[in-house]
Amino acid sequence: MDLTEFKNYLRVDFDDDDSVIEAYYTGAENYICLAIGKNVKPTDLEQYEQFKPATLLLGAFWYNAKMAVQQTATVKANTDEIPFGVSALITQLKARYWEDYVAKQNESTNSNNEEDKSENSAGRLEISNGSSEETMG
């Protein structure tokens, strides 16, 4: 997503906060990626429909808050929590990402096993008495 699209979502039509807005969006992307796994990058999650709305919601939440509100007996601000909608989307993203990751690992393992089987069968030489012997090279 580019800066213009995020500014449209925020309904910001001035350029004064561009660097701040970009920082909130990038920060939201990175927060979500780290919530999924320490080596996950935004490009890993762009394929999932939950990633964009989660990033928009979180970036907008941070942009609109702009500063922490001190909690007192009369002010109960949820400054330490991520909005429920974002948390729910992150939970869905995590499940989908790791399910796909495991499926890819299994696919890769199965593919490697098939290659090993074909190499083993190609590397065996039949001897006339019915036994087999491995060839070198």
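In what follows, the structure referred to is the one given above.
These remarks concern the structure in this document. (Residues numbered from 1 in each chain as written. Predicted model: local features only at pLDDT ≥ 70, side-chain atom pairs only at ≥ 80, totals over all residues. Heavy atoms only, no water.)

1. Some words on the overall build of the protein chain
Argument step 1. Along the protein chain, the regular secondary structure elements total five helices and two strands.
Argument step 2. Element order for the protein chain, N to C, with α for helix and β for strand: α-α-α-α-α-β-β.
Argument step 3. Counting the 137 residues in the protein chain, one finds 23% classified as buried.
Argument step 4. Here the analysis covers contacts within the protein chain between residues at least 6 apart in sequence; of these, 58% occur between residues at least 24 apart.
Argument step 5. Counting every atom, the protein chain has about 9,900 Å² of accessible surface; 50% of that belongs to carbon and sulfur. (Helix = DSSP H or I, 4+ residues; strand = E, 2+ residues; numbered from the N terminus. Buried < 20%, exposed > 50% of the residue type's maximum accessible area, 1.4 Å probe, protein only. Contact = heavy atoms within 4.5 Å. Areas by Shrake-Rupley, 256 points an atom, 1.4 Å probe, with all protein chains shown as cover.)

2. Some remarks on the pattern of salt bridges
Argument step 1. Inspection of the entire model under this criterion finds four salt bridges.
Argument step 2. For Glu5, the salt bridge is made with Lys52, and the minimal N-O distance between the two is 2.5 Å. Here Glu5 is found in helix 1 (residues 3–10), whereas its partner Lys52 is found in helix 4 (residues 51–65), with 47 residues between them in sequence.
Argument step 3. Residue Lys52 is classed as partly exposed on the basis of its relative accessible area, which comes to 39%. (Salt bridge = Lys/Arg side-chain N within 4 Å of Asp/Glu carboxyl O.)

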